Amino acid sequence: MSFPPLRDELVGLEPYGAPQLDVPVQLNVNENPYGPSPDCVADIAAAVADAAGGLNRYPDREFTDLRTALAAYLSKDTPHGISPEQVWAANGSNEVMLQLLQAYAGPGRVALSFAPTYSMYPEYARDTNTEWVVGHREDDFSLDLDRARALVEEHRPAVVLLPSPNNPTGTALPPDAVGLLCAAAGDGLVVVDEAYGEFRRAGVPSALELLPAHRNLVVSRTMSKAFALAGARLGYLAADPAICDGIRVVRLPYHLSAVTQAVALAALRHEKELLGRVDELRAERDATVEWLRAEGHEVADSDANFVLFGVFGDRHAVWQGLLDRGVLVREVGPDGWLRVSIGTPDEMKSFRLGLTAVTEENQ
Ligand SMILES: Cc1ncc(COP(=O)(O)O)c(C=O)c1O
C-alpha cells in the first residue's frame, strides 16, 4: 500500500477545480464580472472591522441575523414567504449540499441526478459513501419526465439533485417537473439547486413557490453568482425546518465565521446594487446565444449566466486557441462542447473575436 494510506476510492484522483490562470479575460467559472461599488466595499469593510473587535469569541453558531436576512431576501420569490427556521447556510452551496448528503444520504443510500450535470455532485456522493446513480438528459438537455420518474421510482434515492438552471447546459426545469419528482421521491429529498436562479428568464418560476406543497423539497441558492460574492463563500437553502434541524446535527460547530456572517449581511444590505447587473448579464447572454447561432454553432438554450456551445471535433484545440488569445473558457460538458461565462461587453467582444480567429484557423 502506498503512503499515506488514502481511502482506496480516492487513490490517483485529482482535486476538483477549473484552472486558475492569470489571463485578461476569465470566463470559465460563472462568476459575476462586476465587483462591488466603493460604497458597498466601505460597508463590508466597516462590518468586518466591527466583527474583528470580537474575534476572540466564537461566532453565533445559529447565525440568527443572517438567517433572518436570507429569509427576507428569499421571501421576495414566493407568495408564501420563507421563515428564518426554513433557512440554512454554509460556506458556499457546495458545502450546504455536502452537509445535506452527510445528514440524509451515506452508506446504503442513493443520490441521483441526470447527466450532463454539475460535476461536483458525484463528489458529494463519493465523499459521503453514498451510491451514485446517474440518469441521462435528452439530446436537447431537457429531462424526459416519464423516464426521470421511472428512474427515481426504481432507485428510491435518499437525495435527488436537480440544478435549475442546469450547469453546464443552462437548461431550466419545466414548472411541472419539480412537483412530479417530489411525488415520485416519496420520503427522499429533492434538491432544486438554483445557484443560477436569479438569471432565469421572465416567466420561469422559482421552486421556492412549491415549498408548502412538498415537505421533501429543498431549494439551494448561493451568493456566488448573481449576487457577485463568490469570494465570500456563502451558500444557503430553504426547506422544511425539520430538514434544517437534521443538517445541524452534522455541521461542524461555528462553521460560518463571524467575518463571513458580517460580509454576507453587509452584502444583503446592498442587494439592489449587487443584483443590479443581472438584467445586463441576461441581455448579454441572449446576444451571445444569438451570435453563436449566427456563426453556425450549436447552442443550448440558457437561463443562466453562461452558454454551452459546440460541437467541435477537437474542443481542446479551440479552448487552447482562445487561451492563447487571452480568453479562458471551460472545457466541460459532453464531448465537443465548451462553456463560456457571461462577462462584460468588452470581455464578450474579446471572446467573439477570439473564437472567430480560432475557428478560421482550424478550418
Ligand atoms: C449548479 C451549481 N451548484 C452549486 C455551485 C456551487 O457554488 P458555491 O459553492 O460557490 O455556492 C455551483 C458553482 O459553480 C454550480 O454551478
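## Details of empty space enclosed by the protein
Over the atoms, a rolling probe the size of a water molecule traces out where space has been left empty. Taken as a whole and assessed by the stated rule, the structure comprises one cavity of 30 Å³ or more. Here the largest cavity is characterised by a volume of approximately 40 Å³. As for the largest cavity, its lining consists of Y16, T117, Y118, S119, N167, P168, R330, V332 and R339. Of the residues in the lining of the largest cavity, the class split is four nonpolar, three polar and two charged.

## What about the sheet that holds strand β5 (residues 159-163)?
Spatial strand order, β2-β8-β7-β6-β5-β3-β4: seven strands in an open sheet with mixed pairing. Each edge of the sheet is formed by a strand with only one pairing partner; in this case those strands are β2 (87-90) and β4 (131-136). Each strand of the sheet is rotated relative to its neighbour by a mean of 25°, with strand direction disregarded. Both β2 and strand β8 (residues 235-238) contribute to a ladder of four bridges, which runs antiparallel. From the neighbouring strand, W88 faces β8, where its bridge partner is L237. Its contacts with the sheet put helix α7 (residues 241-250) on β2, β6 (189-193), β7 (217-222) and β8, and the angle it makes with β2 is roughly 30°.

## A closer look at the packing of helix α1 (residues 38-52) against helix α8 (residues 258-269)
To describe two helices that pack against each other, one gives the angle between their axes and the distance between the axes. Contact pair α1 / α8: the axes reach a minimum separation of 9 Å and the direction vectors enclose 150°. The orientation of α1 relative to α8 falls into the category roughly antiparallel. Seen from above, α1 lies across α8 with right-handed handedness. Taking contact as the criterion, the partners of D43, I44, A47, V48 and A51 in α1 are, on α8, A258, V259, A262, V263, A266 and R269. Its residues assigned to classes, the contact of α1 with α8 shows nine nonpolar, no polar and two charged.

The rules behind the values
- For every chain, the first residue of the written sequence is number 1, and numbering continues from 1 onward in sequence order.
- Thresholds applied to this predicted model are a pLDDT of at least 70 for local features of residues and 80 or more for the giving and counting of side-chain atom pairs; totals over whole chains, interfaces and linings are not thresholded and use all residues.
- In computing side-chain properties, one takes all heavy atoms of the structure into account and sets aside hydrogens as well as water.
- Space inside and on the surface of the protein is sampled on a 1 Å grid over the protein atoms alone, with a cavity defined as a set of points where a 1.4 Å probe fits but cannot get out and a pocket as an open set with protein on both sides within 12 Å along at least 5 of 7 lines; lining residues have an atom within 4 Å of a point.
- Grid points are joined across faces, edges and corners, and a volume is the space filled by probe spheres set on the points.
- Residue polarity is assigned by list, with Asp, Glu, Lys and Arg as charged and Ala, Val, Leu, Ile, Met, Phe, Trp, Tyr, Cys and Pro as nonpolar; anything else, Gly included, falls into the polar class.
- A pair of strands is considered paired only if DSSP assigns at least 2 bridges between the two.
- Note on conventions: DSSP H or I runs of at least 4 residues are helices, E runs of at least 2 residues are strands, and numbering of each starts at the N terminus.
- In this analysis an axis means a line fitted to C-alpha atoms, helices contributing only their contacting stretch, and an angle means the value between N-to-C directions, from 0 to 180 degrees.
- Throughout, a residue-residue contact means that at least one pair of heavy atoms, one from each residue, lies within 4.5 Å.
- For classification purposes, an angle smaller than 35 degrees is called roughly parallel, one larger than 145 roughly antiparallel, one from 65 to 115 roughly perpendicular, and anything else oblique.
- Definitions for this section: a left-handed crossing has its near helix turned counterclockwise from the far helix by less than a right angle. A right-handed crossing has that turn clockwise.

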